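Residues per chain, in single letters:
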Amino acid sequence: QVQLVESGGGLVQPGGSLRLSCAASGRISRINYMGWFRQAPGKQREWVATSTSGGSTNYADSVKGRFTISRVDAKNTVYLQMNSLKPEDTAVYYCNGNLLQIGEIVQRNYWGQGTQVTVSS
């Protein structure tokens, strides 16, 4: 079984910073990409950022210049450094990974359980 486990959420004041982590574990053969989504109360889940196995990164316009995604392949871990946080960044943040399990031939999408980020004074 593959698991994605997030950590690092919490309460922060506007303008502050947080760093989220997501570690993938299990029988992993290959990770194609890992990224982050978020879901605010009453809203649909939205994409935030992605890091591919080729080293490229992409960001939603709403977080570009403030958030940085990075990964450590040896640890199957992806991070989201969030700076200059705004109240509208408040949401549950979900880690997403597209990967291939050992013994399988089709890659699948996996999700973490989510971590709450609250930006408030």
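Caption draft 1: Examining the environment of Ala49 more closely. Tracing the chain through its elements places Ala49 in strand S5 (residues 46-52). Assessed through its relative accessible area of 0%, Ala49 is described here as buried. Every residue in contact with Ala49, bar those within four places of it in the chain, is listed here: Gly35, Trp36, Asn58, Tyr59, Ile69 and Leu80.

Caption draft 2: How the structure looks around the sheet that holds strand S7 (residues 67-72). Taken together, the 4 strands give an open sheet; going across it, the order is S1-S3-S8-S7, and neighbouring strands pair in antiparallel fashion. Where the open sheet ends on each side, the last strands, each with one partner, are strand S1 (3-7) and S7. Across the sheet, the mean angle from the axis of one strand to that of its neighbour is 15 degrees, orientation sign disregarded. Of the pairings in the sheet, the one linking strand S3 (residues 18-25) to strand S8 (residues 77-82) comprises 6 bridges and is antiparallel in character. Residue Ala23 lies in a different strand from S8, and its bridge partner there is Thr77.

Caption draft 3: Region of the structure containing the pattern of salt bridges. Using the criterion set out here, one finds 6 salt bridges in the structure. Note that Lys64 and Asp61 form a salt bridge whose closest N and O atoms lie 3.1 Å from each other. Judged by relative accessible area, which is 67%, Asp61 ranks as exposed. Asp73 is the partner of Arg71 in a salt bridge, and the nearest nitrogen-oxygen pair spans 2.8 Å. Classification of Asp73 by relative accessible area gives partly exposed; the value is 49%. When salt bridges with common partners are traced through the structure, they connect Arg38, Glu46, Arg66 and Asp89 into a single cluster.

Caption draft 4: Region of interest: the state of the cysteines. All told, the structure shown has 1 disulfide when counted by the stated rule. Here Cys22 engages in a disulfide with Cys95; their sulfurs sit 2.0 Å apart. Judged by the sign of its S-S torsion, about -80 degrees, the bond between Cys22 and Cys95 is left-handed. Highlighted residues: Cys22 in strand S3 and Cys95 in strand S9 (residues 91-101), separated in sequence by 73 residues.

Caption draft 5: The arrangement of the pairing of S8 in detail. The element S8 is largely enclosed, with a buried count of 5 among its 6 residues. Here S7 runs beside S8; their pairing, made up of 6 bridges, is antiparallel. From the neighbouring strand, Phe67 faces S8, where its bridge partner is Met82. Counting the residues between successive antiparallel strands, the hairpin from S7 to S8 contains 4 residues, one of them, Asn76, with a positive phi of roughly 50 degrees.

Criteria and cut-off values
- Residues numbered from 1 in each chain as written.
- Predicted model: local features only at pLDDT ≥ 70, side-chain atom pairs only at ≥ 80, totals over all residues.
- Heavy atoms only, no water.
- Helix = DSSP H or I, 4+ residues; strand = E, 2+ residues; numbered from the N terminus.
- Buried < 20%, exposed > 50% of the residue type's maximum accessible area, 1.4 Å probe, protein only.
- Contact = heavy atoms within 4.5 Å.
- Pairing = 2+ DSSP bridges.
- Axes fitted to C-alpha atoms, helices over the stretch in contact; angles between N-to-C directions.
- Salt bridge = Lys/Arg side-chain N within 4 Å of Asp/Glu carboxyl O.
- Disulfide = S-S within 2.5 Å.

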